[in-house]
There are 2 protein chains.
Amino acid sequence: MTVCPDKNIVPLAVIKRLPMYYRQLRTLKEQQRVRISSRELSGMIGITSSLLRQDLNYFGDFGQQGYGYKVEDLYNIIGDILGIGKEYPAVLVGLGNLGRALINYEGFRKRGLVLKALFDNDPSLQDTKYAGLPVKGADRLYEYLKHENIEVGIITTPASAAQEIAETLELGGVKGIWNFAPCIVNSGSGIIVENTHIGDSMLTLFYKMKNAEN
Amino acid sequence: MTVCPDKNIVPLAVIKRLPMYYRQLRTLKEQQRVRISSRELSGMIGITSSLLRQDLNYFGDFGQQGYGYKVEDLYNIIGDILGIGKEYPAVLVGLGNLGRALINYEGFRKRGLVLKALFDNDPSLQDTKYAGLPVKGADRLYEYLKHENIEVGIITTPASAAQEIAETLELGGVKGIWNFAPCIVNSGSGIIVENTHIGDSMLTLFYKMKNAEN
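Residues numbered from 1 in each chain as written. Chains lettered and ligands numbered in written order. Predicted model: local features only at pLDDT ≥ 70, side-chain atom pairs only at ≥ 80, totals over all residues. Heavy atoms only, no water.

Remarks on the relation of the copies chain A and chain B
Just so we agree on the cut-off: What sets the superposition is a least-squares fit of C-alpha atoms, and only residues with pLDDT of at least 70 in both copies go into it. Contacts: residue pairs with any heavy atoms within 4.5 Å of one another.
For the pair chain A and chain B, the superposition axis carries a translation of 0.0 Å, the fit reaches an RMSD of 0.0 Å, and the rotation angle comes to 180 degrees. Both copies of the chain, as the preceding transformation shows, are related through a two-fold rotation axis. Taking the C-alpha atom as reference, chain A places Asn-97 of chain A closest to the rotation axis, 2.5 Å from it. When the interface residues of chain A are mapped onto chain B, 100% of them again lie at the interface, so the same face is used by both copies.

This is the structure:
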């Protein structure tokens, strides 16, 4: 089965739901489930089965009427769509608590993120190691990128430093930036930037709490 | 102007975009912008102006044809919809790197999250303070909740502990759970749970990078 997503057609909202499907399918796979109906799968995730079928239809004709999806096949196909399986060499800039939390999160490595070096501007950290990875001065980032093949740059600095770091990452040739600083980082030449705002999900929580009271 | 969102009608996708509008409007407010057209505002955010207008229409009739939105009014209205302005007393369970990163993030306090106490099962942390907040044993969580009026419980424990902590939070009477453990926490009695999967935005990044290459 060939996966031919048309990037001009697949809405971002669909793409953002794929990781959720992927996680649930992994759980089912670990439970040794072989098949699952779209109704049961969508129920576990908390969406309607028509939305699930609609989403998956963007990528091909999966499942069979009255027969369901093969768990392992669908898991592999979604992983393939998401680009899992490939390895992404990465650097992380900003060795504060959030940076350390990300470095220690095993799930990232499992999905292909391979950290190669860490950068911070705290002089006391330079040339040390953290979690087995070399820690270098942020002023050495560009030089490092010029000599290594790094595809992803993760920014966990304060907001004030983020834009400059993003520009250095871009000049250094990374293909994608994953920004956690509480500000939107802009890329000049159109490399991919994913701005993650952890606080947004807090506001979603507040909204739901407020409306549950009414 | 009265804000009367109908919770049965507003799609979750719309709600999830509100924090993004809110952030951009705050930036404009800080820049002392008085008015903005839906075209300019949507351009800054990277969505179409028709989507912006459609989203805002769920909550009332804002803006005027050919005249735009009043920045401060719209900022306040969206803040009101999201439940910002109210204070949410909260506890956080799991004092690892991610927990510490959240505690130190000023943006949460600004939006009404007021941490009252921290919980962890590391004996060496008990009865210490972190960031001025008392740190208690996780085994004392239920007792604490019974005597305090806590509305939000934040879970930053490993996955293995998350479900049990969620049940204790629920028994203790919190109204909402914000879960960061890499697993989906289920609530028995239907209190609000927001599961935040930081890794999902990494997969979105990978997907975009993969498709930019094609």
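Things to note about the environment of Ile-154 of chain A
All names here are of chain A. Definition in use: Helix and strand assignments follow DSSP, with helices taken as H or I runs no shorter than four residues and strands as E runs no shorter than two, numbered in order from the N terminus. Relative accessibility decides the category of a residue: with a 1.4 Å probe and only protein chains considered, values under 20% of the type maximum give buried, values over 50% give exposed, and everything between is partly exposed.
Its location among the elements puts Ile-154 in strand 7 (residues 152–155). What makes Ile-154 buried here is its relative accessible area of 2%. If sequence neighbours within four positions are ignored, Ile-154 has contacts with Val-91, Leu-92, Val-93, Leu-102, Leu-113, Leu-115, Trp-178 and Phe-180.

Considering the interface of chain A and chain B
Selection rule: A simple way to read buried area is as the amount of 1.4 Å-probe accessible surface that goes missing from two parts once joined, with both sides added. Think of a salt bridge as a Lys or Arg side-chain nitrogen and an Asp or Glu carboxyl oxygen that are within 4 Å of each other. Throughout this description, a polar contact denotes any pair of N or O atoms lying within 3.5 Å of each other; where both atoms belong to protein, one of them has to be capable of donating a hydrogen while the other can accept it, and for residues adjacent in sequence the pair is counted only when both atoms sit in side chains. Amino acids are sorted into nonpolar (Ala, Val, Leu, Ile, Met, Phe, Trp, Tyr, Cys and Pro), charged (Asp, Glu, Lys and Arg) and polar (every other residue, Gly among them).
Opposite the 59 residues of chain A that make contact, chain B presents 59 residues. Each partner contributes to the roughly 5400 Å² buried at the junction of chain A and chain B, and carbon and sulfur atoms together form 68% of this total. At the boundary of chain A with chain B, the tally comes to four salt bridges. Measuring nitrogen to oxygen at the nearest pair gives 2.8 Å for the salt bridge that ties Glu-194 of chain A to Lys-208 of chain B. Run the count over chain A and chain B and you get twelve residue pairs in polar contact (both at pLDDT 80 or more). Secondary structure elements with two or more residues in the side of chain A that touches chain B: helix 1 (12–30), helix 4 (71–82), helix 5 (97–103), strand 8 (176–179), strand 9 (192–195) and helix 9 (198–213) of chain A. Considering each element in turn, the side of chain A that touches chain B owes the most residues, 16 residues, to helix 9 of chain A. Along the lines of polarity and charge, the residues of the side of chain A that touches chain B split into 35 nonpolar, eleven polar and 13 charged.

Observations concerning the pattern of salt bridges
Counted under the stated rule, the structure contains 14 salt bridges over all chains. Here Arg-23 of chain B ties to Asp-200 of chain A by a salt bridge, and the two come within 2.6 Å at their closest N and O atoms. Of this pair, Arg-23 of chain B sits in helix 1 (residues 12–30) while Asp-200 of chain A sits in helix 9, which puts the two residues in different chains. Each of the two residues, Arg-23 of chain B as well as Asp-200 of chain A, counts as buried.

Looking at the packing of helix 1 of chain B against helix 2 (residues 38–45) of chain B
All names here are of chain B. Worth spelling out the cut-off: Angles run from 0 to 180 degrees between N-to-C directions of axes, and those axes are lines fitted to C-alpha atoms, restricted for helices to the stretch in contact. Geometric relationships in this document are graded by angle, where less than 35 degrees denotes roughly parallel, more than 145 denotes roughly antiparallel, 65 to 115 denotes roughly perpendicular, and other angles denote oblique.
Orientation of helix 1 relative to helix 2, taken along the N-to-C sense of each, is 110 degrees, at an axis distance of 10 Å. In this view, helix 1 runs roughly perpendicular relative to helix 2, as classed from their interaxial angle. In this structure, helix 1 uses Met-20, Tyr-21, Gln-24, Leu-25 and Leu-28 to contact helix 2, whose residues at the interface are Leu-41, Met-44 and Ile-45.

Details of the packing of aromatic side chains
Note the cut-off: Only Phe, Tyr and Trp rings are paired, with Trp represented by its six-membered ring, and only when their centres lie within 6.5 Å; those with planes under 30 degrees apart are stacked, over 60 edge-to-face, the remainder tilted.
Per the stated rule, a full pass over the model turns up twelve aromatic pairs over all chains. Here Phe-119 of chain A and Tyr-144 of chain A contribute two aromatic rings whose centre-to-centre distance is 5.4 Å and whose plane-to-plane angle is 65 degrees, an arrangement assigned as edge-to-face. Residue Phe-119 of chain A is located in strand 4 (residues 113–120), and its partner Tyr-144 of chain A is located in helix 7 (residues 141–147); the two are separated by 25 residues in the primary sequence. Comparing Phe-119 of chain A with Tyr-144 of chain A shows no difference in burial state: the two are buried. With centroids separated by 4.6 Å and ring planes inclined at 80 degrees, the aromatic side chains of Tyr-105 of chain B and Phe-108 of chain B adopt a geometry described as edge-to-face. Residue classification places Phe-108 of chain B among the buried positions, given a relative accessible area of 4%. Among the aromatic residues, ring-to-ring pairing joins Tyr-105, Phe-108, Trp-178 and Phe-180 of chain A into one connected group.

Remarks on the pairing of strand 6 (residues 133–137) of chain B
Residue and element names in this part refer to chain B. Defined as follows: In this description, strands pair whenever DSSP reports at least two bridges between them.
Burial of strand 6 is extensive: four of the five residues sit out of reach of the surface. Bridge count for strand 4 (residues 113–120) against strand 6 is three bridges, and the pairing is parallel. In the sheet register, Leu-118 faces strand 6, and the bridge partner there is Val-135. Here strand 5 (residues 129–130) runs beside strand 6; their pairing, made up of two bridges, is antiparallel. Looking at strand 6, one finds that Tyr-130 is bridged to Leu-133. Hairpin connection from strand 5 to strand 6: two residues lie between these consecutive antiparallel strands, with Ala-131 at a positive phi of about 50 degrees.

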